[in-house]
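Descriptive analysis of the structure
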Amino acid sequence: DPDDEDVRFLQDDLHFHALDVAEVRKSTIQPEVEPHPTYVFLVIHVPVQQPDERGVVPAEIDMFVSHDILVTVHPGSMTMIEGFFRDVSVNEDLKQRAVGRGPAYLLYSVMDHLFDSVFPLLDRFAIRIREAENKIFSRHERNMVTELSVLQRDLASFRSIIRPQRHLYETGGLHGDWNSPAFQVVFRSLHGKLTRLWDRLETLWERAEALARTNDTLVNYKLNEFVKLVTI
């Protein structure tokens with residue numbers, strides 16, 4: 001939650017561009033990677049589940065990374081990133097690994113931690129799909145119409161957050177000093193992680209769609225049998 005003093009510090013002391021600084025005061029619809037001569041500005045969206053576990057929304061983290069500075073900005077409290085920096089501040093070995101190798105590796109450490117936090121959410125989706133499958137084939141298909149619709153809605157929201165970022169970290173977007181071996185490795189690694197994340201998400205999406213079609217088939221079959229009986 002940057003205030004006016006924080007914004008002045010980013011612009012006047014760290015010399016980040018006024019347009020990028022203005023971005024951190026508002027929500028951004030699209031993620032982005034914007035290289036500048038002296039720094040790179042990133043907008044990252046991470047899927048998080050709402051407290052009632054009904055609905056997936058994007059959590060936005062903005063980052064400025066230069067050759068000797070990394071700044072993260074986010075609205076309100078964000079456990080996933082605050083926990084990382086808390087661990088770094090109290091664990092000397094982690095501090096040396098994350099901070100001691102320069103801003104490129106620190107950028108990778110932070111973003112790797114952010115996207116790693118998404119995989120347990122996929123595990124919960126897998127459990128919901130398995131539970132739905134058991135109920136469908138236990139003669140509860142009529143009760144599953146709403147549940148499957150909610151599941152598909154949540155997966156669709158998840159996909160809409162990850163899809164724009166799938167190819168955002170391909171190294172072809174880097175230029176100038178940022179097209180260095182260190183940043184190329186970082187971007188390749190992030191691209192690989194997002195590819196694995198997307199592949200698993202697509203598998204869950206396909207299973208949810210197949211279950212919804214199966215459930216519709218069972219509901220229609222039982223309805224047809226009921227109508228046939230009434231007609232007789």
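Below or above, wherever it landed, is the structure these notes cover.

Definitions and cut-offs
Each chain carries its own residue numbering, running from 1 in the written order of its sequence. Restriction of local features to residues with pLDDT of at least 70 applies here, the model being predicted, together with a cutoff of 80 or more for giving and counting side-chain atom pairs; totals for whole chains, interfaces and linings are based on all residues. With hydrogens and water excluded, all non-hydrogen atoms of the structure serve as input to the side-chain values. When a residue's accessible area, from a 1.4 Å probe over protein chains only, is under 20% of the maximum for its type it is buried; when over 50% it is exposed; and in between it is partly exposed. Going along the chain from the N terminus, every DSSP run of H or I of four or more residues is numbered as a helix, and every run of E of two or more is numbered as a strand. Pairing between strands is defined by DSSP: at least two bridges between the two strands are required. Among buried residues, the Ala, Val, Leu, Ile, Met, Phe, Trp, Tyr and Cys ones that are joined through side-chain atoms within 4.5 Å form a nonpolar core. Any two residues whose heavy atoms approach within 4.5 Å are treated as being in contact.

Our next topic: the pairing of strand β2 (residues 40–49). Counting buried residues along β2, nine of its ten residues qualify, which places the element largely inside the surrounding structure. Here strand β1 (residues 32–35) pairs with β2 via four bridges, running antiparallel. In the sheet register, Glu34 faces β2, and the bridge partner there is Phe41. Counting the residues between successive antiparallel strands, the hairpin from β1 to β2 contains four residues. As judged from the ten bridges shared by β2 and strand β3 (residues 56–65), these two strands associate in the antiparallel manner. From the neighbouring strand, Val40 faces β3, where its bridge partner is Val65.

So, about the nonpolar core. Among the nonpolar cores identified, the biggest contains 56 residues, and Leu42, Met63, Leu107, Met111, Phe125, Phe158 and Tyr169 are the most heavily contacted of them. Those elements that provide at least two residues to this core are β2, β3, α3 (79–90), α4 (92–98), α5 (103–116), α6 (119–136), α7 (144–162) and α8 (181–231). Among the elements that make up this core, the one with the highest residue count is α8 (twelve residues). Once residues lying within four places of it in the same chain are set aside, the contact partners of Tyr169 are Val33, Leu42, Ile44, Met111, Phe187, Arg188, Leu190, His191 and Leu194. Judged by nonpolar contacts, the second largest core, of twelve residues, contains Val7, Val21, Phe41 and Val71.

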